[in-house]
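Residue-level structure breakdown
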Amino acid sequence: MRGARLLLMIAMVAFLGATSARRGHADSRSLAVLAGQVTSAEEGAMEGVLVSAKKAGSTITTTVFTDEKGRYQFPASRLESGHYTIRIRATGYDLEGPNAVDIPANDPVTLDLKLRKTADLAGQLTNAEWLVSFPGTAEQKASVQNCSHCHTLEPVVRSHHDAAEFEQVLERMSHYTPESFPLMPQPHVPSRTGGGELNTEQQSQVRENRRKQAEYLATLNLSASPQWNYALKTFPRVKGVGGKAIITEYDLPKATRQPHDVVVDSDGMVWYAGFGEPILGKMDPKTGWTTEYPLPVLKPHNVIGNLDVEFDEDQNLWIAMTFQAAIAKFDRKTEKFQIFKLPPELDGDYREITFVAPQHSHVDGKVWIADAGSYTQMRLDIASGKWEVFEPFPVPRPNIYQVISDAQNNLYLDVMGRQDIGRIDAKTGKIAFYPTPTAKSAPRRGMMDAQGRLWFGENRANKIGMFDTKTQKFQEWDSPVPEFFPYDVTSDKNGEAWAIGEFADSVLRLNPKTGQMIEYPMPRFTNMRRAFVDSSTTPVTFWVGNTHGASIVKLEPLN
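A brief structural summary. (Residues numbered from 1 in each chain as written. Predicted model: local features only at pLDDT ≥ 70, side-chain atom pairs only at ≥ 80, totals over all residues. Heavy atoms only, no water.)

1. Description of the sheet that holds strand β8 (residues 100-103)
Spatially, the 8 strands line up as an open sheet ordered β8-β6-β3-β4-β11-β38-β37-β36, and their pairing is antiparallel. Lying at the two open borders of the sheet, with one neighbouring strand each, are β8 and β36 (532-534). Strand-to-strand twist in this sheet, taken as the mean axis angle between neighbours without regard to direction, amounts to 25°. (Pairing = 2+ DSSP bridges. Helix = DSSP H or I, 4+ residues; strand = E, 2+ residues; numbered from the N terminus. Axes fitted to C-alpha atoms, helices over the stretch in contact; angles between N-to-C directions.)

Below you can see the structure in the form of structure tokens.
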């Protein structure tokens, strides 16, 4: 009898469990306000297609992924009623239709999408796919990478310049600043001094390198034929966990906004600085509404813009004002700026304040600064206004890109011009260097986690790097994406690392314990230079600026 009752209880539990599972699935489906299947004649049901919806008059675009059956669904909490434009991203395909839908209130809509083979594959390639497609040596391809700092590689390959004309183009481009892009070019001021003056032989070598680069570029474009003489190669669409995410993109007020750095405060407000404009902005992710605060222009004749944006312990924002030769502190409560200018004896038109490290200034009242104009580091005593200068290398110096402080306010350096992580002791000023296992890795940008581990992108080695400041040991992980070239790496509360770059239009998520990496593709061309993770949410939320797209992107992994 007891056995019979036990069997009956097991059967009831199994039935209720199955009913609950079915009900949960049905509830999940009922929560979808817009759903459908994406198919093509070539593939049938298509997995890994990004489907984006933007309401008429809105500044917010929401993107979801298709699953292994080609199905997508937008949760009801993400789309309100109204008229929406639909777009897709699936390299090699265009949306045949429909490209718009009306969503009524409280009435879910089914919208199946048909894709057709694109007639313009070149218009869909990422920078990374162009680099993989290019013939030539690794050295030749590397000479092209810097082009993507201001624009994509597509205008380069669609041009008709011959080698002689390309030399003139390269000469002209060399006189624009890194803050430039097609909508807002800015001519360069006096060159950086850190690399030293070039002698006659070195100047001759620069001209020779430019000639070789021009000749190589002329083999990649349409100067000799109406079509490219090499095959256009594409990466496979992301499948599995890489498609389990929701992406939200917020348009900024003007197309000239370049959100190089994006950070999120404890109230959930999103902050950005204009890379080529004197602007600090705040965006409410609930509404997409932006408020912008103009920064003072200290040197009207110089390049205008900002780079690094960081929080101090009180969550005041600090901004590196690049060629304005200053840093700014913004009080979130009073909404006022305090400007710290370089003193006259240290100032010069070549100065380019690119990074500031205020995170641990409460330890000793001092803030670290990086000057890309001289490749030196400075330290400001906030109370006294006294400035110190540190010179880790003699001239000619390698490019020291970023500065990062640890919990004791010691300084760590990403020596992009070599393969080193540097350290300046806050108390003694002693300087030490630690080479990465990979030569010429070019550590570019990263962050210090709570365990004292420095995460960084190896920008020329296509690796994610980590330096344990306690054990002074490195770990490296190869990018699974060719030509990804991590620019910045950050870490979240779970110990996972997130990497971004300027080439692949995707975000990498690394589990250091297993070595597994997940790739999350972006819905459109996305030039990314600062990775930020909000660890207050579960799962964590990833944020990044689309530097050339005048938008801020939120990535919410669903696992």
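The rest of the description comes next.
2. Quick notes on the packing of aromatic side chains
In total, this model carries 21 aromatic pairs according to the counting rule given. Between the aromatic rings of Trp498 and Tyr520, the centroid separation amounts to 6.0 Å while the plane-to-plane angle is 10°, which identifies the pairing as stacked. Here Tyr520 lies in strand β35 (residues 517-521) and Trp498 lies in strand β33 (residues 497-500), a separation of 22 residues in the sequence. Cluster of aromatic residues (ring-pair linked, three or more members): Trp130, Phe134, Trp228 and Tyr230. (Phe/Tyr/Trp six-rings, centres within 6.5 Å; stacked < 30°, edge-to-face > 60°.)

3. Here we look at the pattern of salt bridges
Pairs may arise between side chains of opposite charge once their charged atoms sit close together. A full pass over the atoms with the stated rule returns 35 salt bridges. In this structure, Arg78 engages Glu556 in a salt bridge whose closest nitrogen and oxygen atoms are separated by 2.7 Å. Taken together, the residues span a long stretch of sequence, with Arg78 in the loop between β5 (71-75) and β6 (82-89) and Glu556 in strand β38 (residues 551-557) at a distance of 478 residues. Among the ionic pairs, Arg379 bridges to Glu388, the shortest N-O distance being 2.9 Å. With relative accessibility at 5%, the residue Arg379 sits in the buried group. (Salt bridge = Lys/Arg side-chain N within 4 Å of Asp/Glu carboxyl O. Buried < 20%, exposed > 50% of the residue type's maximum accessible area, 1.4 Å probe, protein only.)

4. Side note on unusual backbone geometry
The omega torsion of the bond from Val395 to Pro396 falls at 0°, within 30 degrees of zero and hence cis. Within the element layout of this structure, Pro396 appears in the loop between β23 (387-390) and β24 (400-405). Cis geometry marks the peptide bond from Thr538 to Pro539; its omega dihedral reads -10°. Phi angles above zero are rare outside glycine, and Tyr375 is one such case at about 55°.

5. Describing the sheet that holds strand β14 (residues 279-283)
Strand order in the open sheet formed by 4 strands is β12-β13-β14-β15, with antiparallel pairing between adjacent strands. The open sheet has two edge strands, β12 (259-264) and β15 (290-294), and neither has a second partner. Pairwise comparison of adjacent strand axes, ignoring direction, gives a mean angle of 20° for this sheet. Bridge count for β14 against β15 is 5 bridges, and the pairing is antiparallel. From the neighbouring strand, Lys282 faces β15, where its bridge partner is Thr291.

6. Looking at helix α6 (residues 200-220)
End to end, α6 covers 31 Å across 21 residues, agreeing with the expected 30 Å (1.5 Å per residue, within 8%). Listed as buried for α6 are Gln213, Ala214, Tyr216, Leu217, Ala218 and Leu220. Against α3 (138-145), α4 (154-158) and α5 (163-173) lie the buried residues of α6. Among the residues of α6, the N-terminal cap falls to Asn199, whose side-chain oxygen and the backbone nitrogen of Glu201 are separated by 3.1 Å. (Expected span 1.5 Å × (residues − 1). Contact = heavy atoms within 4.5 Å. Polar contact = N/O pair within 3.5 Å; in protein donor to acceptor, adjacent residues only side chain to side chain.)

7. So, the packing of α5 against α6
As a packed pair, α5 and α6 sit with axes 8 Å apart at the nearest point and diverge in direction by 120°. Taken together, the axes of α5 and α6 are oblique relative to one another. Note that α5 runs across α6; the crossing there is right-handed. Of α6, the residues touching α5 (which contributes Ala163, Phe166, Glu167, Leu170 and Glu171) are Arg210, Arg211, Gln213, Ala214, Glu215, Leu217 and Ala218. Broken down by class, the residue content of the contact of α5 with α6 amounts to 6 nonpolar, 1 polar and 5 charged. (Parallel < 35°, antiparallel > 145°, perpendicular 65-115°, else oblique. Left-handed = near helix turned anticlockwise from the far one by under 90°. Nonpolar A, V, L, I, M, F, W, Y, C, P; charged D, E, K, R; others polar.)

8. Observations regarding the environment of Glu556
The exposure class of Glu556 is buried, given its relative accessible area of 17%. With 444 residues separating them in the primary sequence, Glu556 and Asp112 have C-alpha atoms 24 Å apart. Aside from chain neighbours lying at most four places away, what touches Glu556 is Arg78, Ala245, Ile246, Thr248 and Thr541. A polar atom in the side chain of Glu556 sits 2.7 Å from the side chain of Arg78.

9. Considerations on the pairing of β38
The buried fraction of β38 is high, at 7 of 7 residues. Taking every second residue as pointing to the same face, both faces of β38 are buried, with Ser551, Val553, Leu555 and Pro557 on one and Ile552, Lys554 and Glu556 on the other. In the sheet, strand β37 (residues 541-546) pairs with β38 via 5 bridges, with the strands oriented antiparallel. When the bridges of β38 are listed, Trp543 appears paired with Lys554. Hairpin connection between β37 and β38: a loop of 4 residues separates the two successive antiparallel strands, and Ala550 in this loop has a positive phi of roughly 50°.

10. Focus: α5
Of all the residues in α5, the buried ones are Phe166, Val169 and Leu170. Buried residues of α5 fall within an arc of 100° about the axis and therefore sit on the same side. In the core, the buried residues of α5 are packed alongside α4 and α6. For α5, the N-terminal cap is Asp162; the gap from its side-chain oxygen to the backbone nitrogen of Ala164 is 3.2 Å. (Arc of directions from axis to C-beta.)

11. Side note on the packing of α3 against α6
Packing of α3 against α6 brings their axes to within 10 Å, and their N-to-C directions diverge by 90°. As far as their axial angle goes, α6 and α3 are roughly perpendicular. Contact residues: Gln140, Lys141, Ser143 and Val144 in α3; Gln213, Tyr216, Leu217 and Leu220 in α6. When the residues that make up the contact of α3 with α6 are grouped by side-chain class, the tally is 4 nonpolar, 3 polar and 1 charged.

12. With respect to the pairing of β14
The element β14 is largely enclosed, with a buried count of 5 among its 5 residues. Here β14 shows two buried faces, one formed by Ile279, Gly281 and Met283 and the other by Leu280 and Lys282. Inspection of the sheet shows strand β13 (residues 270-274) paired to β14 by 4 bridges, in the antiparallel sense. The partner of Trp271 across the bridge, within β14, is Lys282. Where β13 folds back onto β14 in an antiparallel hairpin, the turn is made up of 4 residues. Remark: 6 residues form the turn of the hairpin made by β14 and β15, two consecutive strands paired antiparallel; Gly288 in that turn has positive phi of roughly 80°.

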